[in-house]
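Structural overview for review
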There are 2 protein chains.
Amino acid sequence: MFNERIYNFSAGPSMLPLSVLKQAQKELLNYGGSGMSVMEMSHRSSSFDSIFQNTKAHLRSLMKIPNTHEILFLQGGATTQFSMVPLNLIGPSGKADYALTGNFSAKAYEEAQKFGICTVAASSAAEHYTFIPNQASLQLDSNASYFHYCDNNTIYGTEWNYVPQTGSVPLVCDMSSNILSKPVDVGQYGLIYAGAQKNMAPAGVTVVIISKELVGHALKNTPIMLDYATHVKSDSMYNTPPCWCIYILGLVLQWLESLGGLSAMEAINREKAAILYDYLDESKLFHGTAQKEARSKMNVTFRTADQALDAQFVKEAASSGFSNLKGHRLVGGMRASIYNAMPIQGVRALIEFMAKFEKDHI
Amino acid sequence: MFNERIYNFSAGPSMLPLSVLKQAQKELLNYGGSGMSVMEMSHRSSSFDSIFQNTKAHLRSLMKIPNTHEILFLQGGATTQFSMVPLNLIGPSGKADYALTGNFSAKAYEEAQKFGICTVAASSAAEHYTFIPNQASLQLDSNASYFHYCDNNTIYGTEWNYVPQTGSVPLVCDMSSNILSKPVDVGQYGLIYAGAQKNMAPAGVTVVIISKELVGHALKNTPIMLDYATHVKSDSMYNTPPCWCIYILGLVLQWLESLGGLSAMEAINREKAAILYDYLDESKLFHGTAQKEARSKMNVTFRTADQALDAQFVKEAASSGFSNLKGHRLVGGMRASIYNAMPIQGVRALIEFMAKFEKDHI
């Protein structure tokens, strides 16, 4: 039982900025003099429309999303996008390229095979997904309808440090675990999607940013809610959207603006990651598991040489208020997820705790 | 600008019990000593697992859901179910029967035609959906894979006052707008689905109650998130569920239990509807639009004989703290949605306001 808030290193859902939570708490019973909670508002009401349009506008401004691209707020998480992407985009050639760099990109590839011919353009599976393939190693099909990759791999703690160049083949990117963590040149992408629960909002809304050119080409008999055209035509209001999550996303975006936007956020994220990796590189007990050039700035995976000691560390950390440091069951070890909302003080406190643990066990 | 909470007659999203909102507000920063908000919890954590399993258990207990049926918490609203139902259930004969009693049942029918042969078993479209077809008029195909109907029609203010008898053909029911408003014999149904935002929780979670026998027969290449089997196998945790909405649903279910369960709730709902319909039947200015035997206890549709006066009424009501009384754009007039969370005091206050308006305009 904690009387105070703790440092939550969960891979997702994960920490939200405290100021966002406090504002949500303050206006929970009566939002802006509407006499009701955001949870109770008709999605067609002027109060909610204002929240919705402001959230979209803040996202467009923060990510500098060009007018060639639409913003959608959908449901079903990134996993639903694993189906929507091929259903909507694979049509032209019936083929798509996939880069496999972790669990979720592999799942996306597996699902897409239901809807067309999918080819592995690159894979780090043989090396337990500890690295990111470089540009030269990508086996690109210039006739593919799109190239799909996952920019940050939460389970393996790796992140692409470059944007794949695929010529005229549209880039499709799963940014679930690093969206809003750094500036992105959205114009380079055909489609970006991200579940909200890591860097944006509570679980329940999926952000899709899609080039208008890619809308309206869904395969025949695509379920209506899985057709991007349905949502573009109705501005994500074909049916009731996940209003509360969109509202919290709007507050998170305003928080990001108050910090100075995505460049400022990136600088903070780089510093948070750097101090933790620096500690790991010096440590005699812990070591990072991802290859250095592929290290994620969002999910820092590490371990000791001893599984029992890993388990002891996770347990002691949890009782000291550093929660969810256990690595994913597929890889074991530890993982510290240090998304946008994790303050640098939290990372510093973790390092201090690790150093003490190291001292006691070396 | 309202300093106090108002009576919100929205058709959905709609009012939540005040005690539920207050509890959510109280524990928003630190749920049960976890040191974090429910919005920040890993869906795999023991804290959230406890919320999730309790919510399921309360729903099973309140609705007396037999062990022959699974409970799923999904995303995408009832509209996604319009696709999931045929994708998963139409297989055996490739045919299904649909009763058309309003806008949403017609949409469900339209969508299902992508996936098989659908037949209109009954329709009240010719009478502007003002009535519900009786049992004798249903044109049933004993070889249909299922029979689909919508139990309460929010736009037209009608509600089935009986459960269709379809022999061995599984009953599929959209209960989005009246689930939890009355006891239901779940064992009679093959599948019940309901978007949460009217009677259960904030928009973003869809409850599906499905007979185990109907799981596992999806059409080939059904998108993974649209296959009920995916969710049954993983207890609705194939990917991150809409945790916050599930948590609020749990609080709403506990509130219903504290009232005495669904029979007690039904008695309250009957009284709320009765006093409003009684007033309408006596009124010289307003009249109800649905046929008497088909009247909904959730959505009371009414109007004056004058569209301009309707508009004036809606406007004056809104500024007096009775919000969202405008009828759906498809039908005009007025609609008072009086779901579970609308207290009888709200209905009484509305009647008083209407009586005063009537006196001023007759």
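Residues numbered from 1 in each chain as written. Chains lettered and ligands numbered in written order. Predicted model: local features only at pLDDT ≥ 70, side-chain atom pairs only at ≥ 80, totals over all residues. Heavy atoms only, no water.

Some points on the packing of helix α8 (residues 307-319) of chain B against helix α9 (residues 344-361) of chain B
Residues and elements named next belong to chain B. Viewed as axis vectors pointing N to C, α8 and α9 meet at an angle of 135°, and their least axial separation amounts to 11 Å. What the angle tells us is that α8 and α9 run oblique. As α8 runs across α9, the sense of the crossing is right-handed. Together, Leu309, Gln312, Phe313, Glu316 and Ala317 of α8 and Leu350, Phe353, Met354, Phe357 and His361 of α9 make up the contact between the two elements. (Axes fitted to C-alpha atoms, helices over the stretch in contact; angles between N-to-C directions. Helix = DSSP H or I, 4+ residues; strand = E, 2+ residues; numbered from the N terminus. Parallel < 35°, antiparallel > 145°, perpendicular 65-115°, else oblique. Left-handed = near helix turned anticlockwise from the far one by under 90°. Contact = heavy atoms within 4.5 Å.)

Considering the relation of the copies chain A and chain B
Mapping one chain copy onto the other needs a rotation about an axis and a shift along that axis. With an RMSD of 0.0 Å, chain A superimposes on chain B once it is rotated by 180° and translated 0.0 Å along the axis. What the superposition gives is, in effect, a two-fold axis relating one chain to the other. When C-alpha positions in chain A are compared against the rotation axis, the closest is assigned to Gln25 of chain A, at 2.7 Å. In this assembly the copies share their binding face: 100% of the residues contributing to the interface of chain A also contribute to that of chain B. (Least-squares fit on C-alpha atoms with pLDDT ≥ 70 in both.)

Describing the sheet that holds strand β5 (residues 147-150) of chain A
All names here are of chain A. If you walk across this open sheet you meet the 7 strands as β2-β10-β9-β8-β5-β3-β4, and the pairing is mixed. Both edges of this open sheet fall to β2 (69-74) and β4 (117-123), since each of them pairs with a single strand only. With strand direction ignored, the average angle separating the axes of adjacent strands in the sheet is 20°. The sheet contact formed by β5 and strand β8 (residues 171-174) spans 4 bridges and is parallel. Following the sheet pairing, His148 is matched in β8 by Val172. Each of β3 (95-100), β4, β5, β8 and β9 (191-195) touches helix α4 (residues 103-112); the most contacted strand, β3, lies at about 160° to it. (Pairing = 2+ DSSP bridges.)

Quick word on the environment of Gly195 of chain B
Residues and elements named next belong to chain B. Residue placement: Gly195 occurs in strand β9 (residues 191-195). A relative accessible area of 4% places Gly195 in the buried class. Once you skip the residues sitting within four places of it in the chain, Gly195 turns out to touch Ala78, Ser176, Met200, Val205 and Thr206. (Buried < 20%, exposed > 50% of the residue type's maximum accessible area, 1.4 Å probe, protein only.)

As for the pattern of salt bridges
As enumerated under the stated definition, the model contains 24 salt bridges over all chains in all. The salt bridge involving Lys56 of chain A is made with Asp235 of chain A; its shortest N-O contact spans 2.6 Å. A residue pair is termed long-range when its members are at least 10 positions apart, and Lys56 of chain A in helix α2 (residues 46-62) and Asp235 of chain A in the loop between α5 (228-233) and α6 (243-259) qualify at 179 residues. Classification of Lys56 of chain A by relative accessible area gives buried; the value is 13%. Here Asp281 of chain B makes a salt bridge to Lys292 of chain B, at a shortest N to O gap of 3.7 Å. On the criterion of sequence distance, the pair formed by Asp281 of chain B in helix α7 (residues 261-282) and Lys292 of chain B in the loop between β11 (287-288) and β12 (299-303) is long-range, its members being 11 residues apart. Here Asp281 of chain B falls in the partly exposed class, since its relative accessible area comes to 35%. Salt bridges sharing partners connect three or more residues here, namely Asp151, Glu159, Lys182 and Lys297 of chain A. (Salt bridge = Lys/Arg side-chain N within 4 Å of Asp/Glu carboxyl O.)

Some remarks on the confidence of the model for chain A
Overall, the prediction assigns chain A a mean pLDDT of 98, with 100% of residues at 70 or greater. Two numbers describe this predicted complex: its pTM, 0.98, and its ipTM, 0.98. (pLDDT = per-residue confidence, 0-100.)

Considering the nonpolar core
Counting residues in hydrophobic clusters, the biggest one holds 125 residues, and the most contacted among them are Trp244 and Ile248 of chain A together with Trp244 and Ile248 of chain B. Trp244 of chain A has contacts with Ala24, Leu28, Ser37, Val38 and Met39 of chain A together with Met39 and Trp244 of chain B, leaving out every residue within four places of it along the chain. Counting residues in each nonpolar core, the second largest holds 62 residues, with Leu214 of chain A together with Leu72, Leu74 and Leu191 of chain B among its members. (Core = buried A, V, L, I, M, F, W, Y, C linked by side-chain atoms within 4.5 Å.)

Some details on the pairing of β9 of chain B
Residues and elements named next belong to chain B. Of all 5 residues making up β9, 5 are buried, and the element is well covered by its neighbours. Side-chain alternation along β9 places Leu191, Tyr193 and Gly195 on one buried face and Ile192 and Ala194 on a second face that is also buried. Bridge analysis of strand β8 (residues 171-174) against β9 gives 3 bridges, and the strand direction is parallel. Pairing of Cys173 across the sheet is with Ile192, part of β9. Summarising the sheet, β9 and strand β10 (residues 206-211) pair through 5 bridges and their orientation is antiparallel. When the sheet's bridge partners are listed, Gly195 is paired in β10 with Thr206.

Looking at the interface of chain A and chain B
With 63 residues of chain A at the interface, the matching set in chain B holds 63 residues. For the pairing of chain A and chain B, the buried interface totals around 4900 Å² over both sides, and the portion due to carbon and sulfur atoms is 57%. When the buried surface of chain A facing chain B is broken down by residue, Leu29, Met39 and Glu40 of chain A rank first, second and third, together holding 14% of it. At the boundary of chain A with chain B, the tally comes to 2 salt bridges. The salt bridge partner of Glu40 of chain A is Arg5 of chain B, with a shortest N-O separation of 2.8 Å. Our enumeration of links across chain A and chain B arrives at 31 residue pairs in polar contact (both at pLDDT 80 or more). A breakdown of the residues in the side of chain A that touches chain B according to their chemical character gives 27 nonpolar, 28 polar and 8 charged. (Buried area = accessible area lost by both parts, 1.4 Å probe. Polar contact = N/O pair within 3.5 Å; in protein donor to acceptor, adjacent residues only side chain to side chain. Nonpolar A, V, L, I, M, F, W, Y, C, P; charged D, E, K, R; others polar.)

Section: the sheet that holds β9 of chain B
Residue and element names in this part refer to chain B. Within the open sheet, the 7 strands sit side by side as β2-β10-β9-β8-β5-β3-β4. Their pairing is mixed. The open sheet has two free edges, formed respectively by β2 (69-74) and β4 (117-123), since each of these has just one partner strand. Sheet twist, expressed as the average angle between the axes of neighbouring strands with direction ignored, equals 20°. As judged from the 2 bridges shared by strand β3 (residues 95-100) and strand β5 (residues 147-150), these two strands associate in the parallel manner. The residue of β5 that forms the bridge with Tyr98 is His148. Across the sheet, helix α2 (residues 46-62) is in contact with β2 and β10; its angle to β2 comes to roughly 130°. Strands in contact with helix α4 (residues 103-112) are β3, β4, β5 and β9; relative to β3, the strand with the most contacts, it is inclined by about 160°.

Regarding unusual backbone geometry
Residue Gly12 of chain A is joined to Pro13 of chain A through a cis peptide bond whose omega torsion reads -10°. Along the chain, Pro13 of chain A falls in the loop between β1 (7-8) and α1 (18-26). At Tyr129 of chain B, a position not held by glycine, the phi torsion is positive, near 55°. Within the element layout of this structure, Tyr129 of chain B appears in the loop between β4 and β5. Of the residues examined, Tyr129 of chain B reaches a relative accessible area of 12% and is grouped as buried.

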